[in-house]
Amino acid sequence: MADDSKPPFTLTASAPLGTSGARKVYVKSFGCQMNVYDAERMADTLAPQGFVSVAAAEDADLVVLNTCHIREKAAEKVYSELGRLRVLKEAAAAEGRKVIVAVAGCVAQAEGADMVRRAPVVDIVVGPQSYHRLPELVAAAAIRPGVVDTALKAEDKFDRLVPPGREQIARRGSSAFVTIQEGCSRFCTYCVVPSTRGGEVSRPVDKVVAEVERLAAAGVREITVLGQNVNAYRGEGPDGRPWKLPRLLARLAEVPGIARLRYATSHPRAMSAELIAAHRELPQLMPYLHLPAQSGSDRILDAMNRRHTRDLYLQRLAEVRAARPDIALSSDFIVGFPGESDQDFADTMDLVERVGFASAYSFKYSPRPGTPAASMDGQVPEAVKSERLTALQAVLESQQRAFNLASVGRTVEVLFEKPGRLPGQIVGKSPHMQAVHVQAGAEMIGQIKAVRLVAVGSHSLFGEFADAVPQPIAV
Ligand code: SAH
Ligand code: SF4
Ligand code: F3S
C-alpha cells in the first residue's frame, strides 16, 4: 500500500491562510439518516490524515458522494452529480490542482467497478462496510485512480473508524445520530438494502455507550440511535449477553447530559412489549415513533414479504398509544407495488384514515435491480402510481397540518439546533419532532427551553419562550 503519511497531490495555490498544508474534503450525502452519520464518520476518519471539512465541492481536494440506491431517482442523481464533478475536476486540473472523486454509499456497493467504467471521473468506489479504509484508498487513488473496495463485512468497520476529535464533535451540534445496528436480513421483495448494507449486525453496548458519552461531553443533548431494523437490536452487553433496544435506551438515558433519545427505523414485527413500555417509563424517550407500514392491504404486505398484517400494525400502534397517549406517529408508504389494485390502495387509504399520522413519507414503487418485485407480474402503470401518490399525500399532508394545529396553544420543550429561515430566528425540535421557529439569538442554540406554540407555518410551527410576555409575531 502507498505511503499516505504525506499529501499525495498538489495543494491548491489559493488555499486560505491557516489552512495551507491542510487537505480539504467535501462529503455530500443523499438518502437516509445512516448516510448522514456515515458522512461524519468518514470525515472523522480522514481528519488524522490532515483533511478538514469544507462546505462546497469547489473548495475540496477530495469530494465524496455518499449515495443512495433505494429508488431509481435517488440512484440516477449520482450520475448528474458526477457530470458536474467532471467539469470541476477538469477546471482544477487546468490550474494544476488534482481533485479526487470518491463514490461511497449504497450505489457504490450496488454498482462497484461498473461505476468507474461508466463514469471515468470516479477515482474511488467505496462501499459502506469499508469506510475505515478510506485513508488507504485515497492514497492509492492518488497514484492510480479507479480503486474499488466493496467488501461486505470483511472486518469490523466500527472498531476501526477513527473516533471524532473535539472539532469534529463540535460540528455535530446539539442533536446527533449514532448507528447501533446496520444491515438488514428481512428481504422485503422491493428493497435493495439487504444487498447494499449486508446482513443485520448490532454494535456492542459498551461501544455505543462510549460513543454517546463522547458526544454528550461535547454538548450533544439528543441522540437518535439508528439501524435499518433498529428495534431488532441485539448487541452484546457488558455482561456478555445480548441486550435489546429498551435496555440499551435505559442505559443511554443515564449518560450525563443526554436529555433526549429517539430511535429509527423500526419494523412492526419487532415492536416488543418492552419497547412499547419504554415509551411510558423512560422520560428521555421522546414521544415520536416512525413505524413504516408500506401498505394497508394484507395481500400486498404478503407480496412485499413484510411478514406483518395490517391488523398487527394497527394493534402495535394502539398499544403504543395506550402507553404514551400523546405520541406522534410517522410512517412510510409505497404506492403502486406490483399487483396493487384499486381495492388494495383503498385499504392503504383506510389505514391512514384510521391512524392519523403526525407526518409520513410516501413513494411510488420503483423497481430495483436484483429484487424479486422488479420481475413480478402486474407492474402498475406510472400514471396510476402518480394518481395514487397524489391522493395519499393529500391526506397525509392534511393529517400533518391537523396535528400541528392541535399543538397551537400548548407549551413544549424545544431543543434549539440551528439558525432559522429568517434572520433573528432560531429553529429546534419539539418532543414530537416538529420544527419550531422562535425569535431569538444564536446563543440559545444547544439549549432546551419551554416554548408556547402560537402559529403554524407550512411545515413548521412558530413559538415564543413560555416565560416571555406574549406579543404578536410576524409569520
Ligand atoms: N428499514 C426501513 C427503511 C428502509 S428504506 C424499513 O424497513 O422500513 C426507506 C423507505 O423507502 C422504506 O420504508 C420504503 O417505504 C421505501 N422504499 C424502499 N424500497 C423502495 C422501492 N423499491 N420503491 C419505492 N420505495 C421504496
Ligand atoms: Fe428494506 Fe425491508 Fe429491510 Fe426495511 S426491513 S431495510 S424495507 S428489506
Ligand atoms: Fe439509501 Fe442505502 Fe439508506 S439505499 S436509504 S442510503 S441504506
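Note that the structure is a prediction, hence the values are computed from the model and not measured.

### Points about the overall build of the protein chain
Next up, step 1: Counting its regular elements, the protein chain contains 15 helices and 21 strands.
Next up, step 2: Scaling as 2.2 N^0.38, a compact globule of 475 residues should have a C-alpha radius of gyration of about 23 Å, and the protein chain matches this with 23 Å.
Next up, step 3: Taking the principal axes of its C-alpha atoms as reference, the protein chain extends roughly 60 × 60 × 50 Å.
Next up, step 4: Within the span of the protein chain, comprising 475 residues, buried residues form 52% of the whole.
Next up, step 5: For the protein chain, contacts bridging at least 24 residues in sequence account for 70% of all contacts bridging at least 6.
Next up, step 6: Total accessible area on the protein chain stands at roughly 20500 Å², and carbon and sulfur atoms take up 53% of it.
Next up, step 7: The protein chain carries 57 positive and 54 negative side-chain charges, and their two centres are separated by 1 Å.

### Regarding the UniProt feature "binding site: [4Fe-4S] cluster 1" (unreviewed entry) in the protein chain
Next up, step 1: As recorded in UniProt, the feature "binding site: [4Fe-4S] cluster 1" (unreviewed entry) lies at Cys 32, Cys 68 and Cys 106. In terms of the greatest pairwise C-alpha distance, the residues named above, spread along 75 residues, form a tight cluster of at most 10.5 Å across.
Next up, step 2: Its location among the elements puts Cys 68 in the loop between β3 (62–67) and α2 (72–94).
Next up, step 3: Using a relative accessible area of 11% as the deciding quantity, one classes Cys 68 as buried.

### Quick notes on the side chain of Asp 44
Next up, step 1: Examined against the element boundaries, Asp 44 turns out to sit in helix α1 (residues 33–46).
Next up, step 2: Within the structure, the side chain of Asp 44 is placed 2.7 Å from the side chain of Arg 172, a separation counted as a polar contact.

### Some words on the site of ligand 3
Next up, step 1: Neighbouring ligand 3 are Cys 32, Asn 35, Thr 67, Cys 68, His 69, Ile 70, Cys 106, Arg 197 and Gln 228.
Next up, step 2: Considering only residue class, the shell around ligand 3 consists of four nonpolar, four polar and one charged.

### Things to note about the pattern of salt bridges
Next up, step 1: Taken as a whole, this structure holds 33 salt bridges when the rule is applied.
Next up, step 2: For Arg 310, the salt bridge goes to Asp 350, with nearest N and O atoms at 2.4 Å. One end of the pair, Arg 310, is in helix α13 (residues 310–323); the other, Asp 350, is in helix α14 (residues 342–355), with 40 residues separating them in the sequence.
Next up, step 3: Through salt bridges with shared partners, a single network forms among Glu 40, Arg 41, Asp 44, Arg 172, Arg 203 and Glu 211.

### Looking at the sheet that holds strand β17 (residues 411–419)
Next up, step 1: Strand order in this closed barrel of five strands is β17-β18-β19-β21-β20, and the pairing throughout is mixed. Geometrically, the sheet is characterised by an average inter-axis angle of 55° between neighbouring strands, direction not taken into account.
Next up, step 2: Sheet analysis places β17 next to strand β20 (residues 448–456), joined by five bridges and oriented antiparallel. Each bridged residue has a counterpart across the sheet, and for Thr 411 the counterpart in β20 is Arg 452.

### Description of the domain arrangement of the protein chain
Next up, step 1: The assigned domain composition of the protein chain is domain 1 (8–156), domain 2 (172–200 + 209–407) and domain 3 (411–465).
Next up, step 2: Here domain 1 and domain 2 have C-alpha centroids that lie 30 Å from each other.
Next up, step 3: Listed as interface residues are 21 residues of domain 1 and, on the opposing side, 24 residues of domain 2.
Next up, step 4: Of the roughly 2000 Å² buried between domain 1 and domain 2, counting both surfaces, carbon and sulfur atoms make up 54%.
Next up, step 5: Notably, a salt bridge pairs Glu 40 with Arg 172, separated by 3.5 Å at the nearest N-O pair.
Next up, step 6: On inspection of domain 1 and its partner domain 2, the count reaches 11 residue pairs in polar contact (both at pLDDT 80 or more).

### Considering the sheet that holds strand β13 (residues 260–264)
Next up, step 1: Taken in spatial order, the three strands of this open sheet run β7-β10-β13, and their pairing is parallel. Both outer strands of the open sheet, β7 (175–179) and β13, are each paired with one neighbouring strand and no more. With strand direction ignored, the average angle separating the axes of adjacent strands in the sheet is 25°.
Next up, step 2: Across the sheet, α1 is in contact with β7, β10 (222–226) and β13; its angle to β7 comes to roughly 95°.

### Some remarks on the nonpolar core
Next up, step 1: Among the nonpolar cores identified, the biggest contains 52 residues, and Ile 223, Leu 245, Tyr 263 and Phe 357 are the most heavily contacted of them.
Next up, step 2: Counting residues per element, this core draws most heavily on helix α9 (residues 205–217), at six residues.
Next up, step 3: Apart from residues no more than four positions distant in its own chain, Ile 223 is found in contact with Ala 176, Val 178, Val 212, Leu 215, Ile 258, Arg 260, Leu 261 and Arg 262.

### Observations regarding the pairing of strand β16 (residues 359–364)
Next up, step 1: Summarising the sheet, strand β15 (residues 328–335) and β16 pair through six bridges and their orientation is parallel. From the neighbouring strand, Ser 331 faces β16, where its bridge partner is Ala 360.
Next up, step 2: Taken together, β15, α14 and β16 form a β-α-β motif whose crossover is right-handed.

### Things to note about the environment of Pro 419
Next up, step 1: Along the chain, Pro 419 turns up in strand β17.
Next up, step 2: Pro 419 sits in the exposed class, given a relative accessible area of 57%.
Next up, step 3: Measuring from C-alpha to C-alpha, the distance between Pro 419 and Val 438 comes to 9.7 Å, with 19 residues separating the pair along the chain.
Next up, step 4: Filtering out sequence-adjacent residues up to four positions away, Pro 419 remains in contact with Gln 425, Ile 426, Val 427 and Ile 445.

Cut-offs applied
Residues numbered from 1 in each chain as written. Chains lettered and ligands numbered in written order. Predicted model: local features only at pLDDT ≥ 70, side-chain atom pairs only at ≥ 80, totals over all residues. Heavy atoms only, no water. Helix = DSSP H or I, 4+ residues; strand = E, 2+ residues; numbered from the N terminus. Rg over C-alpha atoms; globule rule 2.2 N^0.38 Å. Buried < 20%, exposed > 50% of the residue type's maximum accessible area, 1.4 Å probe, protein only. Contact = heavy atoms within 4.5 Å. Areas by Shrake-Rupley, 256 points an atom, 1.4 Å probe, with all protein chains shown as cover. Lys, Arg positive; Asp, Glu negative; His and termini not counted. Charge placed at Lys NZ, Arg CZ, Asp CG, Glu CD. UniProt positions renumbered as here; feature names shortened; annotations may be inferred. Polar contact = N/O pair within 3.5 Å; in protein donor to acceptor, adjacent residues only side chain to side chain. Near = heavy atom within 4 Å. Nonpolar A, V, L, I, M, F, W, Y, C, P; charged D, E, K, R; others polar. Salt bridge = Lys/Arg side-chain N within 4 Å of Asp/Glu carboxyl O. Pairing = 2+ DSSP bridges. Axes fitted to C-alpha atoms, helices over the stretch in contact; angles between N-to-C directions. Domains from an automatic or database assignment. Buried area = accessible area lost by both parts, 1.4 Å probe. Core = buried A, V, L, I, M, F, W, Y, C linked by side-chain atoms within 4.5 Å. Right-handed = clockwise from strand over helix to strand, strands pointing away.

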